[in-house]
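Here is how the chains run, residue by residue.
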Amino acid sequence: MTQQALPVRDARLGKPLGVSGDEGVRATLRRGGAGRSGRSVSGVALLLPDGAPDGTGRPSPLSALAVRPLAGRLARAGRAEGLTAHVVRYRRRGWNGDAADPARDAAWAVAEVVRRYGDVPVCLVGAGMGARAALHAAGHPAVGAVLGLAPWFPEPGADGGSPEAADDAGPDGAETPGDGPARRAADPVKQLIGRHVLLVHGTNDGRTDPELSYRYAERAKKINRDTCRFEVHSDGHALLQHRSEVHALAVDFLLGALFAHDFARPVQDAMAAPPPLGLRMPLAAGFGKSLRR
């Protein structure tokens, strides 16, 4: 008997967390409110899970579960500002070369947020492959900020491009006249202009190369001064060893980028410092303990 492939699902948004989710409803009721109409959504965080370089099957649910704690942390921290968070569910598990499936799903998710909630600012928060998808989808007018955790970039010469080819490309990261396919830049940066951008990478990441995320941040900084990158000393790909500090940094960045809160001093310093200082900023142990959010 021949096996039939499962049909490909459309991309979708997970259940909302925050003012429009069940937790927000319960909080409103505890305050004597009237339910979902008690608060309107004034900002959205879209969480983009990790994945694989290739794969057309359905994504593992574990990838979505891995970013849910951060989604909940952001939603709780931003509830007073009207923040809602969604985890994006991809159609396929892999990036899949030029198809860039998760980037397309991220772009769809931003458009869906605008359809549901109207003209609200969006922060794209990605992990691993999801961080690369977030950076690719940042060109939508609703996107005000991008946070990439342990972003995955292909090794030089893989996936249709290389950092060197990208550096030689036009200002939008596109192919320059006369370039062949081998010189096509895989990861443009022009779409990041006007956005706040934060990359975070563990120095002991064995799955995604921290040096490649530094090179990308270096290119982005040339055209967008509101770009910074933090290094988490001795931490790995999942950033579990210093998870509380990473989550505190994410909260500080999101509230500052979407709702004009003052950034913590280390974030301000990283934004203001030229490369390499502002792109190799160490994330201090205990970051966030003195921040009252």
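Structure's up top.
Another aspect to go through is the pairing of strand β5 (residues 122-127). Judged by how many residues are buried, β5 sits mostly within the fold: six of six residues are covered. Of the two faces of β5, the one lined by Val122, Leu124 and Gly126 and the one lined by Cys123, Val125 and Ala127 are each fully buried. Of the pairings in the sheet, the one linking strand β3 (residues 43-48) to β5 comprises five bridges and is parallel in character. The partner of Leu46 across the bridge, within β5, is Leu124. Note that β5 and strand β6 (residues 143-149) share six bridges and pair parallel. For Gly126, the partnering residue across the bridge sits in β6 and is Gly148. Read as a crossover between parallel neighbours, the route from β5 over helix α4 (residues 129-136) to β6 is right-handed.

Here the focus is helix α8 (residues 265-272). Buried within α8 we find Val267, Ala270 and Met271. With its buried residues spanning 100 degrees around the axis, α8 presents them on a single face. Turned more than 90 degrees from where α8 packs its buried face, Arg265 and Ala272 sit exposed. On the buried face of α8, the contacting elements are β7 (196-202), α6 (210-223), β8 (227-232), α7 (243-259) and β9 (281-282).

Cut-off values and rules
Residues numbered from 1 in each chain as written. Predicted model: local features only at pLDDT ≥ 70, side-chain atom pairs only at ≥ 80, totals over all residues. Heavy atoms only, no water. Buried < 20%, exposed > 50% of the residue type's maximum accessible area, 1.4 Å probe, protein only. Helix = DSSP H or I, 4+ residues; strand = E, 2+ residues; numbered from the N terminus. Pairing = 2+ DSSP bridges. Right-handed = clockwise from strand over helix to strand, strands pointing away. Arc of directions from axis to C-beta. Contact = heavy atoms within 4.5 Å.

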